[in-house]
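Next come the chains, spelled out residue by residue.
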Amino acid sequence: MIPKNIILSENKKELTLEYEVKKSVMSAEFLRVNSPSAEVKGHSPAQKKTVSGKRGISINSIELVGNYAIKLIFDDGHSTGIYTWQYLQELFMGKDKIWKEYISELRKKGLYRD
Amino acid sequence: MSDVKTLAIEKLKLLNPEYPELIEAIVVANKKIYLSLKTDKTKIDIFTRIKLQIEKELSAIDGIDSVSVSLTSHSESMQSKADTRAVTSGISEVRNIISVASGKGGVGKSTISINLAVAINQLGFSVGLLDADVYGPSIPKLVGDRQKPKKSKAGKILPIQKYNISLMSIGFLVPEDSPMIWRGPMVITAVSQMLNDVEWGQLDYLIVDMPPGTGDVQLTMAQRVPMSGAVIVSTPQDLALIDAIKGIEMFKKVNVPILGMIENMSTFICPNCKNESHIFGFEGAKVEAKNQNVDFLGDIPLEIDLRECSDNGKPIMLSKTDSTVSKKFLEIAKLVKSKIEDNSNSEKPNIIIN
């Protein structure tokens, strides 16, 4: 549940979580567009925003929040996403599906990753 | 008293019709008016002037000795900064933070906290105790001390040193009979200050005596304070146990390990006939700990000695060292210590930024 190591890649575009036996790797863009912040998720599914134009975004810093989460600070100034261990795991487990949905959502709304 | 309050607000209105809107809290106690004003941080000069003006005006009220106006800032950037920042700075040299919590009030959480603090100290560790129960601070009474804390050279508050424990409580800072009429965010600010702005120094253990309940304040604290573990106190009574379970759930939600449950007021042995009565039920907390899959740390009986020592301001751990209760506290302290040591390696993740 709680990762042992949280590693930010040298180019700051990839986050690796190392657990006891497994490892998960996610891109900064993927984490940014799926930020659990109310700015992105809203307060109900209907309020969810589609974040676009985040290709190539990087993570400036990582802070521990209590014992249950990390806060990621992105270079576009977004800093209100508190990623719980649970949420990070859910994101990684559903990575492909969530990404596909994101891409089709972008298309539907006429938005782009760039 | 409320007349003074109304009068004060009227006076503010006369000074400037907008002033009453700035009032965040106003308390009248012991011939003193405590007023806190919402402040715009960018206009601090103006507000300093307003503060002086108000203090002068209100101290003219009959029967008022002094007026203390504090300026509080809640500009958006300030608040979001305070909200997300982990509460760490004043406790950077504290190795382990243990919270003592209960869902229900009045189960003896503060009595357990102070005696546990003394017991851990007797095992050879440096210990601090933070009384986070802002609405009903009991620690000053339990240690029989109400001296005002001093400030260090760096401007930080120095904890009160008593019985070899570093202590801090809102009770050291305000008069005993003045109630804290505060909303949640102010309580959280006060508790953050007692963590950050107090020079705790190097401590092996900091015990946090949590406010009773599982509301906003408790949840925020559990989330933001990097706790090594939580101890849940309950009486064997169903009514208290229901709330204790809520406490366990709350800590589990934010990944604070539950060190175990302590059953307080477990049994009463009549000093005359030596007959044992289970006033609040038999082994309720022990059974519930098993149901909840948490450890049972021990039981403390309902004893006149314990009550008397607490009321006299000298913990039973120090005044009746040979009593059964003191021995039980020592056993509990040993368990807590070994559980913390078992947990300490596996918990915190390393953040590696290349």
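What counts and what doesn't
- Residues numbered from 1 in each chain as written.
- Chains lettered and ligands numbered in written order.
- Predicted model: local features only at pLDDT ≥ 70, side-chain atom pairs only at ≥ 80, totals over all residues.
- Heavy atoms only, no water.
- Contact = heavy atoms within 4.5 Å.
- Buried area = accessible area lost by both parts, 1.4 Å probe.
- Salt bridge = Lys/Arg side-chain N within 4 Å of Asp/Glu carboxyl O.
- Polar contact = N/O pair within 3.5 Å; in protein donor to acceptor, adjacent residues only side chain to side chain.
- Helix = DSSP H or I, 4+ residues; strand = E, 2+ residues; numbered from the N terminus.
- Pairing = 2+ DSSP bridges.
- Axes fitted to C-alpha atoms, helices over the stretch in contact; angles between N-to-C directions.

A few words now on the interface of chain B and chain A. Contacts between the two partners involve 16 residues from chain B, matched on the other side by 21 residues from chain A. With both chains or domains summed, chain B and chain A bury close to 1,800 Å², and 57% of this area falls on carbon and sulfur atoms. Remark: the boundary between chain B and chain A carries 0 salt bridges. Between chain B and chain A we count 6 residue pairs in polar contact (both at pLDDT 80 or more) in total.

Here we take up the pattern of salt bridges. All names here are of chain A. All told, the structure shown has 21 salt bridges over all chains when counted by the stated rule. A salt bridge links Lys 54 to Asp 76; its shortest N-O distance comes to 2.7 Å. Pair noted here: Lys 54 is in the loop between helix H2 (38–41) and strand E4 (59–65) and Asp 76 is in the loop between strand E5 (69–74) and strand E6 (82–84), with a separation of 22 residues, a long-range link.

The next point concerns the sheet that holds strand E2 (residues 14–18) of chain A. The strand order across the open sheet built from 4 strands is E3(A)-E2(A)-E1(A)-E13(B), with neighbouring strands paired in mixed fashion. On the outer flanks of this sheet lie strand E3 (23–27) of chain A together with strand E13 (350–353) of chain B, each paired with one strand and no other. Direction aside, the axes of adjacent strands within the sheet are offset by 15° on average. Strand direction decides the pairing type here: strand E1 (residues 5–8) of chain A and E2 of chain A, joined by 4 bridges, are antiparallel. Each bridged residue has a counterpart across the sheet, and for Ile 7 of chain A the counterpart in E2 of chain A is Thr 16 of chain A. Across the face of the sheet, helix H3 (residues 85–93) of chain A comes into contact with E1, E2 and E3 of chain A while running at roughly 80° to E3 of chain A.

Scope: geometric values only; no functional claims are made or implied.
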